[in-house]
Number of protein chains: 4
Amino acid sequence: MSKRDDILSATLDLIDEEGLQSVTIAKIMKRANVGSGTLFNYFSNKEELVNEVYKAARQHMGEALLRNYNPGLSLYERFKCLQLNRLHFGLSSPKEFLFIDSYSYSPYISADLRKMEDASREIMLSLIEEGQTQGIFKEMDTHLSHQIIHGIMVSIVKGFIIQKYPLDGLQVQQTLEACWKAIRV
Amino acid sequence: MSKRDDILSATLDLIDEEGLQSVTIAKIMKRANVGSGTLFNYFSNKEELVNEVYKAARQHMGEALLRNYNPGLSLYERFKCLQLNRLHFGLSSPKEFLFIDSYSYSPYISADLRKMEDASREIMLSLIEEGQTQGIFKEMDTHLSHQIIHGIMVSIVKGFIIQKYPLDGLQVQQTLEACWKAIRV
Amino acid sequence: MSKRDDILSATLDLIDEEGLQSVTIAKIMKRANVGSGTLFNYFSNKEELVNEVYKAARQHMGEALLRNYNPGLSLYERFKCLQLNRLHFGLSSPKEFLFIDSYSYSPYISADLRKMEDASREIMLSLIEEGQTQGIFKEMDTHLSHQIIHGIMVSIVKGFIIQKYPLDGLQVQQTLEACWKAIRV
Amino acid sequence: MSKRDDILSATLDLIDEEGLQSVTIAKIMKRANVGSGTLFNYFSNKEELVNEVYKAARQHMGEALLRNYNPGLSLYERFKCLQLNRLHFGLSSPKEFLFIDSYSYSPYISADLRKMEDASREIMLSLIEEGQTQGIFKEMDTHLSHQIIHGIMVSIVKGFIIQKYPLDGLQVQQTLEACWKAIRV
DNA sequence: TATGAATGAGATTTCATTCAT
DNA sequence: CATGAATGAAATCTCATTCAT
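Please read these numbers as outputs of a predicted model, since none were measured by experiment.

Undergrad: An account of the interface of chain A and chain B is needed here, citing residue identities and associated values.
TA: Residue-level contacts link 38 residues of chain A with 36 residues of chain B. Both sides together, the interface formed by chain A and chain B hides about 3,300 Å², and carbon and sulfur atoms give 60% of it. Ranking the residues of chain A by area buried against chain B places Q21, L144 and Q147 of chain A at the top, with a combined share of 19%. Between the two partners, chain A and chain B, sit two salt bridges. Put simply, E177 of chain A and K138 of chain B hold a salt bridge, and the shortest N to O gap is 3.8 Å. Summed over the shared surface of chain A and chain B, the result is eight residue pairs in polar contact (both at pLDDT 80 or more). Take the side of chain A that touches chain B: its biggest share by element is ten residues, from helix α9 (residues 142–161) of chain A. Of the residues belonging to the side of chain A that touches chain B, the class tally is 16 nonpolar, ten polar and twelve charged.

Undergrad: Account for the UniProt feature "DNA-binding region" (unreviewed entry) in chain A, with residues named and values stated.
TA: Residues given the UniProt feature "DNA-binding region" (unreviewed entry) here are residues 24–43 of chain A. Helix makes up 75% of residues 24–43 of chain A and strand 0%, whereas the separation of the span's terminal C-alpha atoms amounts to 14 Å.

Undergrad: Which residues make up the protein's contact with DNA strand F, and what are the values?
TA: The full set close to DNA strand F counts 33 residues, and T38 of chain A, I25 of chain C together with G37, T38 and Y42 of chain D are the nearest of them. Counting only the atoms of DNA strand F within 4 Å of the protein, the fraction contributed by sugar and phosphate is 53%. The side chain of T38 of chain A places a nitrogen or oxygen atom 2.9 Å from a phosphate oxygen of DNA strand F. Between DNA strand F and G35 of chain D, the relevant distance is 3.3 Å, taken from a phosphate oxygen to a main-chain nitrogen or oxygen of the residue. Taken together, the elements giving at least two residues each to the surface near DNA strand F come down to α3 (36–42) of chain A, α2 (25–32) and α3 (36–42) of chain B, α2 (25–32) and α3 (36–42) of chain C together with α3 (36–42) of chain D.

Undergrad: Go over helix α4 (residues 46–65) of chain A with me, naming the residues and quoting the values.
TA: Across its 20 residues, α4 of chain A extends 28 Å between first and last C-alpha, which sits within 8% of the 28 Å expected from 1.5 Å per residue. With a side-chain oxygen positioned 3.2 Å from the backbone nitrogen of E47 of chain A, the residue opening α4 of chain A is N45 of chain A.

Undergrad: Go over the protein's contact with DNA strand E, please, and point to the residues and values.
TA: Around DNA strand E there are 33 residues in total, and I25 of chain A, G37, T38 and Y42 of chain B together with T38 of chain C lie nearest to it. Taking the atoms of DNA strand E that fall within 4 Å of the protein, sugar and phosphate contribute 52% of them. Measuring from a phosphate oxygen of DNA strand E, one finds a backbone N or O atom of I25 of chain A at 2.5 Å. One of the side-chain N or O atoms of S36 of chain C is found 2.9 Å from a base nitrogen in DNA strand E. For the surface near DNA strand E, the class distribution of residues is eleven nonpolar, 18 polar and four charged.

Undergrad: Go over the environment of S106 of chain A with me, naming the residues and quoting the values.
TA: Residues and elements named next belong to chain A. Take S106: it is sitting in the loop between α6 (94–103) and α7 (111–114). Taking the C-alpha atoms as reference points, S106 and T133, separated by 27 residues in sequence, lie 36 Å from one another. Here Y108 takes part through its backbone nitrogen, which lies 2.9 Å from a polar atom of the side chain of S106.

Undergrad: Residues and numbers for the environment of H60 of chain B, please.
TA: Residue and element names in this part refer to chain B. Its place among the elements puts H60 in helix α4 (residues 46–65). Taking relative accessible area as the criterion, H60 reaches 30% and is therefore assigned partly exposed. Separated by 48 residues in the primary sequence, H60 and L12 place their C-alpha atoms 13 Å from one another. Not counting residues up to four positions away in its chain, the partners in contact with H60 are F89, S93 and E96.

Here is what the cut-offs are and how they apply
Starting from 1, residues in each chain are numbered consecutively following that chain's sequence as written. Starting at A for chains and at 1 for ligands, labels are handed out in the order in which the entities are written. Local features in this predicted model are restricted to residues whose pLDDT is 70 or higher, and side-chain atom pairs enter the listing and the counts only when it is 80 or higher, whereas totals over whole chains, interfaces and linings include all residues. With hydrogens and water set aside, each side-chain value is computed from the structure's full complement of heavy atoms. Residues are treated as being in contact if the distance between any of their heavy atoms lies within 4.5 Å. Summed over both partners, buried area is the accessible surface (1.4 Å probe) that two parts give up on being assembled. What makes a salt bridge here is a side-chain nitrogen of Lys or Arg within 4 Å of a carboxyl oxygen of Asp or Glu, nothing more. N or O atoms within 3.5 Å of each other form a polar contact, as long as, within protein, one can give a hydrogen and the other can take it, and as long as residues adjacent in sequence are counted only when both atoms are side-chain atoms. A run of DSSP states H or I qualifies as a helix once it reaches four residues; a run of E qualifies as a strand once it reaches two. Both are numbered from the N-terminal end. Residues are grouped as follows: Ala, Val, Leu, Ile, Met, Phe, Trp, Tyr, Cys and Pro are nonpolar; Asp, Glu, Lys and Arg are charged; all remaining types, including Gly, are polar. UniProt positions are given in the numbering used here, feature names are shortened, and annotations may be inferred rather than shown by experiment. Nearness is judged by heavy atoms alone; a residue qualifies as near a molecule or strand once a single heavy atom is within 4 Å of it. In a helix, the anticipated span is given by 1.5 Å times the number of residues less one. Relative accessibility under 20% of the residue-type maximum defines a buried residue, over 50% an exposed one, and the middle range a partly exposed one, all with a 1.4 Å probe and only protein chains included.

Now the structure itself:
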């Protein structure tokens with residue numbers, strides 16, 4: 001792993017452990033085993049570094065959310081794929097998941113980055129529209145429907161991460177079902 | 001309002017406006033019209049102050065969530081009351097609502113405080129159990145059911161606050177319906 | 001005991017326990033059970049308070065050093081009386097003794113107070129002169145002789161206070177003898 | 001001289017000039033020509049800095065006290081060497097000498113440091129024991145004997161530093177004689 | 001006379017950032 | 001490329017002192 005990656009990774013770890021609030025450059029340097037000079041070679045200041053961590057996390061999540069997505073499948077299959085991908089991303093990359101969740105509304109992250117293109121969101125919105133047209137989903141503001149589904153998935157992952165309950169096959173199935181039913185006619 | 005309350009209130013306002021990141025004691029002092037000595041008489045350091053803001057917000061929300069709750073009503077009426085209370089709290093106290101949402105997973109808030117007793121949560125859990133026993137709600141981990149409902153409500157309020165959609169009678173009705181259906185049999 | 005005395009006494013205690021360095025008005029108030037207003041009624045500022053503590057200690061010591069001093073006694077008896085008085089003062093009032101020793105060279109105590117009239121010193125100096133005239137004490141700068149005696153006594157008391165050795169009849173006798181011999185012909 | 005030494009040295013100078021009471025970090029920074037960051041890189045707080053000054057002074061004195069000490073010499077020669085070394089240290093390094101004297105009983109200096117190993121003290125104690133065995137010194141607690149000698153030397157140097165008297169060949173000789181006689185049989 | 005909440009000047013301390021090596 | 005000692009602006013925090021009650 002390159003020094004640059006060491007720095008990004010150390011930063012994410014520390015944010016997860018202590019909160020951005022108390023993450024200092026000195027702590028990052030120590031954790032990443034680099035000198036301050038090195039760090040400022042790669043990132044011109046702390047804010048840029050944190051924004052780069054955010055950007056990398058968003059890119060990583062962006063890829064994960066569309067993994068194996070096949071537009072040719074049935075509405076339900078596509079719906080299921082998108083939700084499962086989010087869930088798996090949350091479980092396999094909890095630090096990135098929580099960081100994105102926490103900082104997507106923070107002024108510390110540049111507006112450009114926060115509004116970064118999100119293919120999966122667009123796909124999901126049109127999928128909802130399609131479902132409504134077909135009479136499968138209840139007619140309502142697609143953003144509202146999307147927000148409902150999104151709220152469920154994020155909440156379920158966060159609940160699991162802080163160990164409110166187990167999350168294996170059965171629970172995953174039940175969660176998917178809840179999402180589907182929540183916006184069904 | 002006491003000086004102490006002025007300080008708490010100024011702190012919440014500033015966190016809402018600029019993010020905890022950039023809230024300094026100096027800004028709080030100025031906004032609350034108090035000297036630094038006064039501030040440190042009431043709160044021994046910045047972390048304690050922020051934790052007290054969190055505590056006050058949680059207490060405020062705790063009361064709001066149980067407003068007009070009547071154990072004698074039907075399951076659906078009780079369910080609706082609790083969800084509407086959360087929604088109204090979010091709409092009438094968005095700063096507190098968002099602050100609680102952001103920092104309930106943050107290490108900056110003491111674990112004790114984050115896990116602070118929450119009567120409405122207990123009531124909601126037993127309401128879910130009751131519904132499952134009666135065959136109205138789907139049998140599953142009550143914490144999972146609860147997290148689903150909670151995820152929807154929080155997400156919907158946040159979406160409204162950041163102006164993704166309007167939230168009037170119709171949308172509120174649809175949201176409530178989504179919650180109910182999400183965990184129905 | 002009056003409030004004023006409570007304050008003086010609390011101050012001396014705290015200086016003894018923590019060093020003037022870390023004695024704050026707040027600690028004094030708490031220890032003396034008085035409000036800040038009361039304290040500043042009696043003493044116009046912290047420096048004046050500490051100086052009053054010093055003054056009281058010096059006065060107390062001044063009296064103790066001349067207790068039972070009888071100009072009619074023999075040279076040795078007078079010598080012994082003065083030395084024993086110092087020793088007893090140190091043992092019975094260690095806080096005052098150490099405070100005087102530590103702060104007699106500190107700029108925090110006003111020059112006037114530090115140079116405060118010291119009858120016992122004058123008496124001791126003339127006693128030394130008398131001894132030299134009589135050929136009992138070695139001829140040398142009387143201040144040097146005095147400083148030798150004084151150094152021994154102070155050192156012995158401090159050593160006892162920090163528990164380097166016991167100090168009962170035998171040791172007291174040996175110390176007196178050492179003083180006498182140190183400046184004898 | 002390293003920055004660290006600049007800081008230690010500036011601190012000692014200021015304590016000597018104004019008393020620890022009024023020495024601030026800002027004054028030290030200015031005198032030592034370093035930024036605050038530099039100072040806190042080397043010393044994590046003011047108390048630690050002052051303790052390090054004390055430690056350095058003790059180490060410096062420790063070396064000075066044993067200069068030219070030759071175990072092969074006669075009892076008197078060894079005695080004289082140790083006393084003269086202390087005297088010379090006091091005269092050549094008055095700031096360190098007075099600082100050590102003032103703070104060896106102060107709670108501001110950590111107990112560990114105050115009780116720091118002191119080779120010259122051990123040597124002096126065994127020298128006293130040797131003298132007692134040979135019937136030269138009076139039989140008494142060796143710590144008491146030591147404290148008597150120590151008290152004389154410290155007192156004499158302090159008296160000279162604050163200009164109570166001159167201290168040339170004659171006075172030095174008289175002081176040494178006083179020490180020797182004070183504990184003789 | 002006694003109180004203690006409020007104050008703010010000034011102290012300590014932090015930490016992102018620079019730059020010579 | 002990599003380093004880390006040095007920096008100082010800006011943050012946190014302390015504490016003697018005031019004053020209305």
